[in-house]
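Take a look at the letters that make up each chain.
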Amino acid sequence: MHWMTHPYTISLVAASVISLALAGTAWKTTTTIHTRSFTILMLAVSLWSAMHIFELAAYALPEKVFWANMQFFCIVSVPPALLGVVLRYTRRDNLINPFRKALILSVPLLIVALVWTNEFHGWVFTGAEIVHVEPFDLLYRHFGPGFWIHTGYCYFLMLIGTILLVRSMITTPARYKGQVISLLIGVSVPWIGNAMYIFHMPVFSDFDLTPVVFTVSGIAFGWGVFRYRLLDVVPIAYDVMLNNMQDAVFVFDRHQRVLDLNPAAARLTGQSGNHRTAPTADRLIPGWPDMVEFIGKKGLRQQVCLRKDNQERYFDLVGTPLKHGNYLFGYLVVLRDISEYRNTQLALADSEQQFKSLSENAPIVICTMDPQGVFTYVNPEWTNILGHPRENVVGRHYSEFILPYHLQDYADAFRKVSVERAILSGFPIKLLHADGSRRFFSVSASPNLDTEGEICNIICLLKDLTGERELQAQLFQSQKMEAIGTLAGGVAHDFNNLLMGIQANISLVRMETGAGKSCSERLDRIERQIQTGASLTHQLLGYARKGKYRPTLLCLNQLIKETLSAFGRTRKQLTIHLDLLQDLPRVYADQGQMELVLLNLLVNASDAMPDGGELTVITDLKAISPVIKQTMELAPGDYVHLQITDTGTGMDEKTQERIFEPFFTTKEMGRGTGLGLASVYGVVKNHKGAITVASKPGEGTTFHLYFQAASDACQAPAHLPRIQMGKGRILLVDDERELLQAGTALLEGLGYSVTATDNGSDALACLSREPSSFDLVILDMIMPGMGGRELYGHIRGLFPNTPILLSTGFSDAVGTSDILAHSRSEMICKPYTVEALSQKIGKMMLDSENQSASSPAKAS
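Residues numbered from 1 in each chain as written. Predicted model: local features only at pLDDT ≥ 70, side-chain atom pairs only at ≥ 80, totals over all residues. Heavy atoms only, no water.

Draft legend 1. View of the overall build of the protein chain. Each helix and strand counted, the protein chain has 29 helices and 24 strands in total. Looking at the protein chain as a whole, 46% of its 860 residues qualify as buried. Counting contacts in the protein chain only where the partners sit at least 6 residues apart, residues at least 24 apart contribute 63% of the total. As presented, the protein chain carries roughly 43,800 Å² of accessible surface, and 57% of it is formed by carbon and sulfur atoms. (Helix = DSSP H or I, 4+ residues; strand = E, 2+ residues; numbered from the N terminus. Buried < 20%, exposed > 50% of the residue type's maximum accessible area, 1.4 Å probe, protein only. Contact = heavy atoms within 4.5 Å. Areas by Shrake-Rupley, 256 points an atom, 1.4 Å probe, with all protein chains shown as cover.)

The following block contains the structure:
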């Protein structure tokens with residue numbers, strides 16, 4: 001017979017395969033016990049058997065000794081792992097503290113080290129030889145004292161495990177004894193095989209049966225795993241309190257089969273302790289299929305009814321999921337008899353009438369709904385706040401009083417109360433007023449149970465928060481517009497600086513090259529594009545000035561053209577018609593506010609025509625007579641009339657009555673704040689003007705705006721001034737180096753001597769060194785470090801008569817208006833042309849000379 005087909009070899013293969021399969025099963029199984037020790041045990045047995053086969057297959061003595069030594073890695077692992085399984089199964093793993101654990105693991109490590117260094121000391125094995133026992137060449141080793149010490153250590157650990165299992169078998173309920181017996185067999189059998197080999201018992205003295213008998217251990221463990229679910233459940237500790245508590249306690253596995261129940265539960269259901277014949281949860285607890293999903297997720301508490309002694313008894317059910325990590329392996333259910341408590345609830349139900357009388361006079365909305373969400377009662381405050389007569393509310397579903405896009409959220413909240421019996425507190429909702437507006441409420445709701453423990457209605461308390469929400473919205477809108485204004489101002493400033501750099505270099509090209517006609521035309525086109533960019537930044541600065549009225553004489557026609565030019569780029573689906581009156585009188589208005597009025601009206605018109613349409617803008621002059629004045633609240637006189645007409649969806653009369661109210665909007669959530677037309681109305685009224693609207697559904701909308709006309713008409717744009725040469729010394733201060741270089745070249749081209757610096761400290765130093773040398777200071781308003789305002793203050797304090805020209809990309813920078821109040825201060829806005837710069841410098845130089853010349857006369 002070949003050694004590979006010998007029963008001993010086959011037994012080793014079987015032991016290796018079975019143990020490896022059990023190790024894999026344990027590794028994949030999420031369980032109520034720690035499976036690491038069981039996995040290590042089975043894996044060590046599998047490798048031990050496999051390496052013993054390699055030892056049998058080897059021919060030379062060194063090879064056999066090598067594989068025998070390799071087996072010791074597994075041999076020393078088996079007893080501690082086996083003890084770990086037993087300790088965790090019997091819930092005694094608290095006996096192993098860190099010191100004892102280190103002590104237990106130190107012996108295997110020492111033995112492995114001694115085995116692999118045995119040739120130097122011979123303390124574990126005193127000799128080794130090959131003995132032929134047909135059909136094997138077996139390795140025979142002579143045992144030294146170290147071997148017997150290790151054997152005693154292993155037997156000691158296995159003895160402890162065996163004793164613990166025997167005690168567990170005695171005290172464990174009958175339903176778990178199959179598990180204990182399978183573990184006890186798996187632990188005891190290796191003793192027998194190892195003893196036969198070590199003590200040279202006849203017949204078995206030549207073969208080490210320890211790994212072979214682990215086949216029997218593997219079968220025993222497998223029987224425990226698959227028959228008694230060894231890796232799924234372990235005995236749940238019983239103590240005196242659990243066995244004597246009056247509440248019924250059930251433990252179900254993940255398949256909802258009874259695993260355990262205390263005596264109170266057994267008495268309640270009439271079940272025995274035999275888990276193999278116990279029914280599933282749905283046969284014991286009414287309504288279980290509807291509850292199990294909620295229990296498995298986060299637990300559940302509700303009332304159930306059971307028959308006991310031919311009587312219906314009511315219980316408070318508390319269901320808790322049993323989990324290991326995210327793995328659900330069972331359910332714990334506790335039932336408490338609340339029949340007497342329920343009788344008390346019946347008595348409390350008699351107080352409903354008293355509750356109703358109190359709610360009738362409550363200062364908040366109180367209402368009740370049935371479990372389906374139909375109103376059964378609303379107190380008078382409902383009508384006072386929401387305008388719906390009480391008789392028109394009772395009998396209707398709550399969904400009729402909310403907007404469709406809130407329906408799912410409110411349905412989920414209602415389900416928590418009506419199905420899960422949760423209590424809501426401070427839940428925000430919006431309800432529709434009888435006039436179509438929305439009111440904001442904070443809702444508290446709870447289920448009300450009847451005498452049968454069923455939900456008879458849902459009680460809701462609604463606190464009106466509309467006023468608070470409107471104040472919050474106003475504050476938020478104010479903060480948002482302030483942030484947008486700050487951002488817009490910063491962007492406009494930086495963009496104007498970029499445009500200034502381009503404009504300055506174009507002016508230098510014109511001055512230095514004397515460009516021909518063709519080149520000059522190209523430069524003209526570039527300058528027109530720069531002015532277009534400057535116009536866009538001007539509109540951004542309008543946002544930065546929101547809320548700050550700076551009325552000036554304004555040409556409304558020109559403002560309309562500029563605004564439509566920017567607006568039309570983003571609304572190319574619209575056809576825009578202009579009919580502007582020639583020689584239209586100017587109006588006294590704030591340009592930024594008027595731009596916002598135009599943009600709001602244009603955006604509203606565009607939103608009413610999502611698929612495109614026609615937009616018409618008309619201006620003309622209207623005379624307001626005393627008769628018309630009564631209806632439009634305008635003083636008699638001439639008014640500039642602005643008409644904006646769209647071909648959009650239009651509005652009904654009810655909507656037209658409310659469009660100028662703050663927060664009123666017909667747009668869907670997230671597309672409008674309800675403040676656009678309200679702000680338009682406010683701006684028009686603050687300019688002592690008037691606004692009206694005419695519209696019909698499906699026929700479009702027309703807005704009419706009236707502003708008091710000034711005496712002079714709009715003038716055609718003036719021709720660009722010519723370059724004015726000059727002389728004198730100028731100090732130029734700007735933190736943008738490119739602008740500094742281009743500005744220096746421009747000023748020198750105009751005939752001036754220029755000293756340039758990029759920060760305020762250097763500028764002050766220059767003025768201090770030569771206090772009377774500079775005829776003019778050109779100062780950038782916004783700079784890092786020492787800003788323009790701070791530098792201006794220093795210069796004015798030290799050199800009060802020095803003319804200062806502010807050069808800025810943001811005319812609304814902090815402190816600008818105070819600075820311009822000084823007689824020797826002017827401002828020029830970027831981007832400016834060389835012609836405009838030369839004219840401004842020439843004027844300031846002349847004014848300075850005139851003031852200096854008049855000073856002695858005044859002194860005399």
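Draft legend 2. Molecular detail of the pattern of salt bridges. Here the structure, examined in full by the defined rule, presents 17 salt bridges. Its salt-bridge partner being Asp464, residue Arg439 comes within 2.7 Å of it at the nearest N-O pair. Within this pair, whereas Arg439 is found in strand β11 (residues 438-449), its partner Asp464 is found in strand β12 (residues 455-464), the two being separated by 25 residues in sequence. Overall, Arg439 belongs to the partly exposed group, its relative accessible area being 23%. (Salt bridge = Lys/Arg side-chain N within 4 Å of Asp/Glu carboxyl O.)

Draft legend 3. Just the nonpolar core, in detail. Ranked by internal contacts, the top residues of the largest apolar core, which has 41 residues, are Leu41, Phe72, Phe125 and Leu165. Listed by contribution, the elements that provide at least two residues to this core are α1 (7-28), α2 (36-57), α3 (61-75), α4 (78-89), α5 (98-116), α7 (145-171) and α8 (177-198). By residue number, the principal contributor to this core is α4, which donates eight residues. Other than its neighbours up to four places away in sequence, Phe72 contacts Ile111, Val112, Val115, Phe125, Phe147 and His150. (Core = buried A, V, L, I, M, F, W, Y, C linked by side-chain atoms within 4.5 Å.)

Draft legend 4. Local environment of the side chain of Ser339. On the secondary structure map, Ser339 appears in helix α14 (residues 339-349). Taking the relative accessible area as the measure of exposure, Ser339 reaches 8% and is therefore buried. In terms of polar contacts, Ser339 uses its side chain to reach the side chain of Arg313, at 3.4 Å. Not counting residues within four places of it along the chain, the set of residues in contact with Ser339 comprises Arg313 and Tyr314. (Polar contact = N/O pair within 3.5 Å; in protein donor to acceptor, adjacent residues only side chain to side chain.)

Draft legend 5. Representation of the packing of aromatic side chains within the structure. Taken as a whole and judged by the stated rule, the model has 18 aromatic pairs. For the pair Phe66 and Trp67, a centre-to-centre distance of 5.3 Å together with 75° between the ring planes defines the contact as edge-to-face. Taking relative accessible area as the criterion, Trp67 reaches 24% and is therefore assigned partly exposed. Pairwise contacts between aromatic rings join Phe54, Phe66, Trp67, Phe73 and Trp116 into one cluster. Between Arg141 and the ring centre of Phe125, over which it is positioned, the NZ or CZ distance is 3.8 Å. Directly above the aromatic system of Tyr314 lies the positively charged group of Arg342, at a separation of 3.8 Å from the ring centroid. (Phe/Tyr/Trp six-rings, centres within 6.5 Å; stacked < 30°, edge-to-face > 60°. Lys NZ or Arg CZ within 6 Å of the ring centre and 35° of its normal.)

Draft legend 6. Structural view of the sheet that holds strand β7 (residues 327-337). Sheet architecture is open: five strands sit in the order β4-β3-β7-β6-β5, paired in antiparallel fashion. Two strands in the sheet have a free side with no partner beyond their single neighbour: β4 (258-261) and β5 (300-308). Sheet twist, expressed as the mean angle between neighbouring strand axes with direction ignored, is 30°. In terms of strand pairing, strand β3 (residues 248-253) meets β7 through six bridges, oriented antiparallel. (Pairing = 2+ DSSP bridges. Axes fitted to C-alpha atoms, helices over the stretch in contact; angles between N-to-C directions.)

Draft legend 7. Spatial organisation of α1. The terminal C-alpha atoms of α1, which comprises 22 residues, lie 32 Å apart, in line with the 32 Å expected from a rise of 1.5 Å per residue. Taken together, the buried positions of α1 are Tyr8, Thr9, Leu12, Ala15, Ser16, Ser19, Leu22, Ala23 and Ala26. Along α1, the residues classed as buried sweep out an arc of 165° about the axis, all on the same side. Of the exposed residues in α1, the ones pointing more than 90 degrees away from its buried face are Val17 and Lys28. (Expected span 1.5 Å × (residues − 1). Arc of directions from axis to C-beta.)

Draft legend 8. The arrangement of the environment of Leu764 in detail. Tracing the backbone through its elements, the reader meets Leu764 in helix α26 (residues 760-769). Leu764 gets classed as buried once you look at its relative accessible area, which sits at 15%. Remark: the alpha-carbon pair of Leu764 and His794, spanning 30 residues in sequence, is separated by 7.8 Å.

Draft legend 9. Looking closely at helix α25 (residues 737-749). Taking 1.5 Å of rise per residue, the 13 residues of α25 would be expected to cover 18 Å, and the 18 Å separating its terminal C-alpha atoms lies within 8% of that figure. Looking at α25, one finds that the buried residues are Leu739, Leu740, Ala742, Gly743, Thr744, Leu746 and Leu747.

Draft legend 10. Just the packing of helix α20 (residues 556-570) against helix α21 (residues 591-607), in detail. Packing of α20 against α21 leaves a shortest axis separation of 10 Å and a crossing angle of 50°. Considering their axes alone, α20 and α21 lie oblique with respect to each other. Taken as a pair, α20 and α21 cross one another with a handedness that is right-handed. Here Leu556, Leu559, Ile560, Glu562, Thr563, Leu564 and Phe567 of α20 come into contact with α21, specifically with Gln591, Met594, Glu595, Leu598, Leu599, Leu602, Val603 and Ser606. Of the residues in the contact of α20 with α21, the class split is 10 nonpolar, three polar and two charged. (Parallel < 35°, antiparallel > 145°, perpendicular 65-115°, else oblique. Left-handed = near helix turned anticlockwise from the far one by under 90°. Nonpolar A, V, L, I, M, F, W, Y, C, P; charged D, E, K, R; others polar.)

Draft legend 11. Region of interest: the sheet that holds strand β8 (residues 365-369). Taken together, five strands build an open sheet; the order of strands is β9-β8-β12-β11-β10 and the sheet is antiparallel. One side of each edge strand has no neighbouring strand; the edge strands of this open sheet are β9 (375-378) and β10 (424-432). Each strand of the sheet is rotated relative to its neighbour by a mean of 30°, with strand direction disregarded. Of the strand pairs in this sheet, β8 and β12 are connected by five bridges, and their pairing is antiparallel. Counterpart to Cys367 in the pairing with β12 is Cys460. The sheet contacts of helix α17 (residues 407-418) involve β8, β10, β11 and β12, and relative to β10 the element is tilted by about 140°.

Draft legend 12. Fine view of the packing of α2 against α3. Close contact between α2 and α3 brings their axes to 9 Å; oriented N to C, the two are set at 170°. Here α2 lies roughly antiparallel to α3, going by the angle between them. Across from Ala44, Leu47, Trp48, Met51, His52, Phe54, Glu55 and Leu56 in α2, the residues of α3 making contact are Lys64, Trp67, Ala68, Met70, Gln71, Cys74 and Ile75. Residue classes in the contact of α2 with α3 are distributed as 11 nonpolar, two polar and two charged.

Draft legend 13. Geometry of the side chain of Glu381. Here Glu381 is to be found in helix α16 (residues 380-386). Of the side chains with opposite charge, Arg439 comes closest to the buried, unpaired Glu381, at an N-O distance of 8.8 Å. If near-sequence neighbours (up to four positions away) are discounted, Glu381 is found in contact with Ala362, Pro363, Ile364 and Val365. (Lys, Arg positive; Asp, Glu negative; His and termini not counted.)

Draft legend 14. Structural context of the environment of Arg469. As for its position among the elements, Arg469 is in helix α18 (residues 466-513). When its relative accessible area of 35% is taken as the criterion, Arg469 is described as partly exposed. Between the alpha carbons of Arg469 and Phe441 there is a distance of 9.5 Å; along the sequence they are 28 residues apart.

Draft legend 15. Main features of a nonpolar patch on the surface. Residues Leu20, Leu43 and Leu47 make up a contiguous nonpolar surface patch of roughly 250 Å² in combined accessible area. Within the element layout of this structure, Leu20 appears in helix α1. (Patch = residues over 30% accessible without salt bridge, like charges linked within 9 Å, V, L, I, M, F, W, Y side chains within 5 Å.)

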